[in-house]
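Per-entry structural report
Below are the chains, spelled out letter by letter.
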There are 2 protein chains.
Amino acid sequence: MDNLATLFKEKNLKLTPQRYAIYKFLKSTKSHPSAEMIYEALRPDFPTMSLATVYKTVKTLIELGLVQELNVGEDNFRFDANVANHPHIVCTKCGRVDDIEDAVFEHLNSEVENYTNYKVNTHKLYFYGICPKCQGS
Amino acid sequence: MDNLATLFKEKNLKLTPQRYAIYKFLKSTKSHPSAEMIYEALRPDFPTMSLATVYKTVKTLIELGLVQELNVGEDNFRFDANVANHPHIVCTKCGRVDDIEDAVFEHLNSEVENYTNYKVNTHKLYFYGICPKCQGS
DNA sequence: TATTTATAGATAATATTTTTCTACAAAGAA
DNA sequence: TTCTTTGTAGAAAAATATTATCTATAAATA
């Protein structure tokens, strides 16, 4: 939290209660919420906060490298405070999005370079399937 | 083209000039155009066609399994008439989107099942880097 | 030829995200 | 402490992407 304050100060940004709450919420969850979901989750504590503030804040957090943006194929973006590059998996039945932890696919970048003339820097991997809960039903 | 007519007939869909043109255009290009780009490309030949028709048509084509939808992380969707599951690579400098051909990553699905309790069915892989042209400049 | 049916295009609606503007509050200067 | 600067929250509007509704029409069928 203190390094967060320091980082904001370095960039001449103010660590307002709203920004702090949004970041803390993203850090606390693995649900990869959309802007709307963040807004709804914080509404009890910040009833006056506007959705525009959520959008502006996540954009700021992304620029600071504190949050990454996901695009699992919906019509909106989702956000993840785990900025380590890791694949995600989407349940095509209930829509939940989970991290695939401990799976390292960094070697794919150089593998891909064998098939293209691109200089490959990064990647985003989305897997789709049925989550344990939905398999039961 | 004939099997296209047959397929449409089977589904009680009409293969109108607009639909045919949109599909043919998607088949002819590897540029992975968005709805807007399709609309602009066909405007010279179909000046009266509306953007809504493009959206409705690509949706129809997707349902028929003739086109797939991409989401490279922009705020819009792109479309690809190559429905074989294949990874894509995005140039982060000029924005072009290329196929990664001949690279088969189907084995990743079962690999991912070792890390989650999901039943994995499919995936979408997006790589990001610098294309040959942009490397030169 | 008459009738049914699906669709194009116009328009409006909806959803998501961004921008503009203004008042305010925190930080720094006097 | 007081004044001043500066960045930000929130409201509202705008911009963008996408979908839905409605009607006239053209193709397919009877």
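Residues numbered from 1 in each chain as written. Chains lettered and ligands numbered in written order. Predicted model: local features only at pLDDT ≥ 70, side-chain atom pairs only at ≥ 80, totals over all residues. Heavy atoms only, no water.

**Describing the interface of chain B and chain A**
In this complex, chain B contributes 38 residues to the contact, which on the side of chain A involves 38 residues. Roughly 3100 Å² of surface becomes buried between chain B and chain A when both sides are summed, with 68% attributable to carbon and sulfur atoms. The largest per-residue losses of area from chain B upon contact with chain A belong to Tyr 118, Phe 127 and Tyr 128 of chain B, which jointly make up 23% of the total buried on that side. Counting across the interface, chain B meets chain A through 15 residue pairs in polar contact (both at pLDDT 80 or more). Element by element, the count of residues in the side of chain B that touches chain A is highest for strand 5 (residues 119–130) of chain B, at 12 residues. (Contact = heavy atoms within 4.5 Å. Buried area = accessible area lost by both parts, 1.4 Å probe. Polar contact = N/O pair within 3.5 Å; in protein donor to acceptor, adjacent residues only side chain to side chain. Helix = DSSP H or I, 4+ residues; strand = E, 2+ residues; numbered from the N terminus.)

**So, the protein's contact with DNA strand D**
The full set close to DNA strand D counts 20 residues, and Thr 16, Gln 18, Arg 19 and Thr 48 of chain A together with Tyr 55 of chain B are the nearest of them. Backbone sugar and phosphate groups make up 75% of those atoms of DNA strand D lying within 4 Å of the protein. At 2.9 Å from a phosphate oxygen of DNA strand D is found a main-chain nitrogen or oxygen belonging to Lys 14 of chain A. Broken down by secondary-structure element, the contributors of at least two residues to the surface near DNA strand D are helix 2 (17–28) and helix 4 (51–63) of chain A together with helix 4 (51–63) of chain B. Ranked by the residues each element gives to the surface near DNA strand D, the list is headed by helix 4 of chain B, at 4 residues. Here the surface near DNA strand D is built from residues that sort into 6 nonpolar, 7 polar and 7 charged. (Near = heavy atom within 4 Å. Nonpolar A, V, L, I, M, F, W, Y, C, P; charged D, E, K, R; others polar.)

**Side note on the environment of Lys 93 of chain A**
Residue and element names in this part refer to chain A. Take Lys 93: it is sitting in the loop between strand 3 (88–91) and strand 4 (97–99). Lys 93 gets classed as exposed once you look at its relative accessible area, which sits at 54%. Non-local contacts of Lys 93, meaning those with residues more than four positions away in its chain, are made with Ile 130, Cys 134 and Ser 137. (Buried < 20%, exposed > 50% of the residue type's maximum accessible area, 1.4 Å probe, protein only.)

**Description of the relation of the copies chain B and chain A**
The two copies are related by a screw operation: chain B maps onto chain A through 179° of rotation and 0.0 Å of translation along the axis, at an RMSD of 0.1 Å. The two molecules are tied by a two-fold rotation axis, judged by turn and shift. Taking C-alpha positions as the reference, the residue of chain B nearest the rotation axis is Leu 125 of chain B, at 2.4 Å. A share of 100% of the interface residues of chain B reappears at the interface of chain A, consistent with the copies meeting face to face through the same patch. (Least-squares fit on C-alpha atoms with pLDDT ≥ 70 in both.)

**Let's talk about the packing of aromatic side chains**
Geometrically, a pair of aromatic rings is defined through the distance of the ring centres and the angle of the planes. All names here are of chain A. Applying the stated criterion to the full structure yields 2 aromatic pairs over all chains. Aromatic side chains Phe 105 and Phe 127 sit 6.5 Å apart centroid to centroid with 40° between the ring planes, which places their arrangement in the tilted category. Here the residue Phe 105 occupies a position in the loop between strand 4 and helix 5 (107–113), and Phe 127 occupies one in strand 5 (residues 119–130), the gap between them amounting to 22 residues. Of the residues examined, Phe 105 reaches a relative accessible area of 2% and is grouped as buried. (Phe/Tyr/Trp six-rings, centres within 6.5 Å; stacked < 30°, edge-to-face > 60°.)

**Here we look at the domain arrangement of chain A**
All names here are of chain A. The domains assigned to chain A are domain 1 (2–80) and domain 2 (88–136). Relative placement of domain 1 and domain 2: their C-alpha centres are 23 Å apart. Taken together, the contact pairs 10 residues of domain 1 with 10 residues of domain 2. At the boundary of domain 1 with domain 2, total buried surface from both sides reaches about 760 Å², with 44% on carbon and sulfur atoms. A per-residue breakdown of the area domain 1 buries against domain 2 is headed by Lys 30, His 32 and Val 72, which together make up 55% of the total. (Domains from an automatic or database assignment.)

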